[in-house]
Amino acid sequence: MLSTRIGELAALGTASCWTISALSFETAGKRIGSLSTNLIRMALAAVFLTALHAVRQGGLLPLDAGAHAWSWLAVSGLVGFTFGDLCLFKAFVHIGPRLASVMMCLAPPFAALLGWLFLGEKLGWLDLLAMLLIGSGVAAAIAARAPQAGLPSSGLADPGSGAPSGHRTTGLLLGAGGALGQAGGLVLSKIGMGSFDPFAATQIRVLAGFGGFLIVALVLRWGGRMRTALADRPAVLWATLGAVFGPFLGVGLSLVAVQRTSAGVAASLMATTPVLILPVVVLLGRERFSLASLGGALLAVAGVALLFA
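Described in the following lines is the structure provided in the data block. All of these numbers come straight from a predicted model, not from anything done at the bench.

1. Focus: the overall build of the protein
Scanning the protein from terminus to terminus reveals 12 helices and zero strands. Reading the helices (α) and strands (β) of the protein from amino to carboxyl end gives α-α-α-α-α-α-α-α-α-α-α-α. Considering the protein as a whole, with its 309 residues, one finds that 52% of them fall into the buried category. A sequence separation of at least 24 residues applies to 89% of the contacts in the protein between residues at least 6 apart. Surface summary for the protein: the accessible area is close to 13,300 Å², and the carbon and sulfur share equals 71%.

2. Here we look at the side chain of glutamate 8
Looking at the secondary structure, you find glutamate 8 in helix α1 (residues 6-32). Other than its neighbours up to four places away in sequence, glutamate 8 contacts Thr261, Val265, Leu269 and Phe308.

3. Quick look at the packing of α1 against helix α11 (residues 273-283)
Following both chains from N to C, one finds α1 and α11 inclined at 60°, their axes separated by 9 Å at the closest point. When the axis of α1 is compared with that of α11, the two are oblique. As for the relative orientation of α1 and α11, their crossing is right-handed in sense. Contacts between α1 and α11 involve Ala15, Ser16, Trp18, Thr19, Ala22 and Leu23 from the first element and Thr273, Leu276, Ile277, Val280 and Val281 from the second.

4. Here's the deal with the packing of helix α2 (residues 34-57) against helix α8 (residues 223-230)
Look at α2 against α8: their axes get within 10 Å of each other, and the N-to-C directions meet at 70°. By the angle class used here, α2 and α8 are roughly perpendicular. The crossing of α2 and α8 is right-handed. Residues Ser36, Leu39 and Ile40 of α2 form the contact with α8, whose participating residues are Arg225, Met226, Ala229 and Leu230. Its residues assigned to classes, the contact of α2 with α8 shows five nonpolar, one polar and one charged.

5. Here's the deal with the packing of aromatic side chains
Under the counting rule described, the total for this entry stands at one aromatic pair. Taking 5.8 Å as the distance between ring centres and 50° as the angle between the ring planes, the aromatic pair formed by phenylalanine 48 and phenylalanine 248 counts as tilted. Here phenylalanine 248 lies in helix α9 (residues 233-260) and phenylalanine 48 lies in helix α2, a separation of 200 residues in the sequence. Phenylalanine 248 sits in the buried class, given a relative accessible area of 14%. In this arrangement the basic side chain of arginine 41 is found over the ring face of phenylalanine 25, its NZ or CZ atom lying 5.5 Å from the centre. Against the face of tryptophan 222 rests arginine 225, its NZ or CZ located 4.4 Å from the ring centre.

6. Quick word on the nonpolar core
Core analysis: the largest hydrophobic core is formed by 61 residues, its most contacted members being Val138, Met193, Val206, Val258, Leu269, Met270 and Leu307. Sort the elements by how many residues they give to this core and α9 lands first, with eight residues. For leucine 269, the residues in contact, after removing those within four places along its chain, are Glu8, Ala11, Leu12, Ala15, Ile134, Val304 and Leu307. Counting 12 residues, the second-largest nonpolar core is a separate cluster that includes Cys87, Leu88, Phe89 and Ala91.

Conventions we followed
Residues numbered from 1 in each chain as written. Predicted model: local features only at pLDDT ≥ 70, side-chain atom pairs only at ≥ 80, totals over all residues. Heavy atoms only, no water. Helix = DSSP H or I, 4+ residues; strand = E, 2+ residues; numbered from the N terminus. Buried < 20%, exposed > 50% of the residue type's maximum accessible area, 1.4 Å probe, protein only. Contact = heavy atoms within 4.5 Å. Areas by Shrake-Rupley, 256 points an atom, 1.4 Å probe, with all protein chains shown as cover. Axes fitted to C-alpha atoms, helices over the stretch in contact; angles between N-to-C directions. Parallel < 35°, antiparallel > 145°, perpendicular 65-115°, else oblique. Left-handed = near helix turned anticlockwise from the far one by under 90°. Nonpolar A, V, L, I, M, F, W, Y, C, P; charged D, E, K, R; others polar. Phe/Tyr/Trp six-rings, centres within 6.5 Å; stacked < 30°, edge-to-face > 60°. Lys NZ or Arg CZ within 6 Å of the ring centre and 35° of its normal. Core = buried A, V, L, I, M, F, W, Y, C linked by side-chain atoms within 4.5 Å.

Next up, the structure:
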């Protein structure tokens, strides 16, 4: 039974990895800022993936991927990592991490729509119901939480729901852009990857995403801040832990997921990260459960169970 659910299991593995990486990047981002954290995590992930490829294949780069795979996967890295993450972290600044994370619940329906348009993927009514339960449960769990608890931080002040209406509108659009970037990155990855090795495909995506962030840093003249960030040893250690469980293991498993199941189902299961974070932050003493957040978590779990039924 489980052998036929490799894609779904990989998506849950992705959500579990992203739970660790989210908390790690929150700590690092508060110390050195989001752009510095993103640059460090992408650079480290590129090193880890290159080392893995050298051990497994004997070369530094997956040159056997072909031009088709390289082009689509590189674009998916720019869309998913550079565009999507920049939109998400800017949304944190305008509307706060709580509401921005609720907006990321748009990623599964975006992925399902893009998968239907570009890959011809069709979902049964049980799949759609399960995705609705997961999305609703995650949104309810996040909305019921304290604004600053247990979510990835931009390293900047959180204006929360009291932001001016202009900032709120901009933040909502940026949040939708982050969700679209994540969904688009997954679908573009599936188009480019085919049956190619998911971790080699992840290496191409990460290299492209790092290149995108590097260009942004150069345009913003971020060199001085990067030197300061690299001198902050605790922040670098947290960013390293986040890189291992984020763009290295987490994203690698996400490509296993989209390779073995539909993009919409994979994105829905990956979206359970905020629910998985809840017991962790409770155990760490950073938050208490509310009945609404517990109800949202149970709703999301019911959706996951339905996908495996």
